[in-house]
Amino acid sequence: QAVDGVWITNSGFNGTTGMNIIVDGTFVTNIMCNGVIIDGTAEYGIIIGGSTGAGGNFQFNNGHIDLQSGNGWTGIGNAVLISSTVYDDIQFNGGYIMGTWQADGVYIARTGAKAITFNGVRIADNNRGNSVGIAGINCLDAVTGVRVIGCTFYNISAGHQKYGINTQGTLQALINSCSFV
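On a predicted model such as this, the values are computed, not experimentally measured, just so you know. (Residues numbered from 1 in each chain as written. Predicted model: local features only at pLDDT ≥ 70, side-chain atom pairs only at ≥ 80, totals over all residues. Heavy atoms only, no water.)

**Regarding the sheet that holds strand 2 (residues 12-13)**
Thought 1: Here we have seven strands laid out as an open sheet, ordered 2-5-8-11-14-17-20, and parallel in their pairing. Each of the sheet's edge strands pairs with one partner strand only, and the pair in question is strand 2 and strand 20 (179-180).
Thought 2: In this sheet, strand 8 (residues 64-66) lies alongside strand 5 (residues 37-39) in parallel orientation, the contact comprising three bridges. Within strand 8, the position partnered with Ile38 by the bridge is Ile65. (Pairing = 2+ DSSP bridges. Helix = DSSP H or I, 4+ residues; strand = E, 2+ residues; numbered from the N terminus.)

Below, the structure written as structure tokens:
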């Protein structure tokens, strides 16, 4: 089924994965999440995946994604995993991305990514299991079109993010006015 227009406001999700947006053979566009809380998931916070079809315009505004790893949970995945080869124009504006166990806060596992924006997001306290090389945002080789603007990267108490932003090769990105504490 094609999806054009989903608006989610002031709602909470948990379980295995908080949100699983998979575009396979369909058209998925215009998903707006305002003030959404994804808290205490067992594996992933948000997955944006799929390899066929088309999609775009996903906005996650002033939300809170906290896997709460270490508080009885050992979430195996990322707070945000972007692996879709067909979904573009993804925005995270304000809010938090935090609390992974041994995974990056955000993993962009897609080459040729277009228009992925993090604007004013606090990305903190990931890698509570203290693995080597884990970042707040980690980008696969040859990722393009990533914008990180006005974000803050830090560890609160239990996190061990080794890098604010890490790339596994060539990265074409705009990184502006960020704080790495």
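Structure shown, so let's carry the discussion forward.
**Structural notes on the side chain of Asn34**
Thought 1: Considering the arrangement of structural elements, one finds Asn34 in strand 4 (residues 26-34).
Thought 2: The residues contacting Asn34, other than those within four sequence positions of it, are Trp7, Ile8, Thr9, Asn10 and Asn61. (Contact = heavy atoms within 4.5 Å.)

**Comments concerning the packing of aromatic side chains**
Thought 1: What the rule picks out here adds up to five aromatic pairs.
Thought 2: Between Phe60 and Phe92, the aromatic rings sit 5.7 Å apart at their centres with planes inclined by 45°, giving tilted as the arrangement. Taken together, the positions of Phe60 in strand 7 (residues 53-61) and Phe92 in strand 10 (residues 87-93) put the pair 32 residues apart, joining distant regions of the chain. By the burial criterion, Phe60 is buried, and Phe92 matches it.
Thought 3: An aromatic cluster is defined as three or more aromatic residues linked by ring pairs; in this entry it consists of Phe58, Phe60, Phe92 and Phe118.
Thought 4: The positively charged end of Arg122 is found above the aromatic ring belonging to Tyr96, 4.0 Å away from the centroid. (Phe/Tyr/Trp six-rings, centres within 6.5 Å; stacked < 30°, edge-to-face > 60°. Buried < 20%, exposed > 50% of the residue type's maximum accessible area, 1.4 Å probe, protein only. Lys NZ or Arg CZ within 6 Å of the ring centre and 35° of its normal.)

**Observations concerning the environment of Ala158**
Thought 1: Position of Ala158 relative to the elements: it lies in the loop between strand 17 (152-154) and strand 18 (163-167).
Thought 2: In this structure Ala158 comes out as partly exposed when scored by relative accessible area, which is 33%.
Thought 3: Counting along the chain gives 116 residues from Ala158 to Ala42, while the straight-line C-alpha distance between them is 18 Å.
Thought 4: Setting aside residues up to four positions removed in sequence, Ala158 forms contacts with Asp125, Asn127 and Arg128.

**Some details on the confidence of the model for the chain**
Thought 1: In the predicted model, the chain carries a mean pLDDT of 86, and 94% of its residues have values of at least 70.
Thought 2: Within the chain, no element has a lower average pLDDT than strand 19 (residues 171-176), which sits at 86, and none a higher one than strand 13 (residues 116-119), at 95. (pLDDT = per-residue confidence, 0-100.)

**Details of unusual backbone geometry**
It is generally the case that most residues other than glycine have a negative phi and that most peptide bonds are trans.
Thought 1: Of note, Asn10 is a non-glycine position whose phi angle comes to about 45°, a positive value.
Thought 2: Among the structural elements, Asn10 can be located in the loop between strand 1 (3-9) and strand 2.
Thought 3: One non-glycine residue with positive phi stands out, namely Asn62, at about 50°.
Thought 4: You can see Asn62 is positioned in the loop between strand 7 and strand 8.
Thought 5: Classification of Asn62 by relative accessible area gives exposed; the value is 58%.

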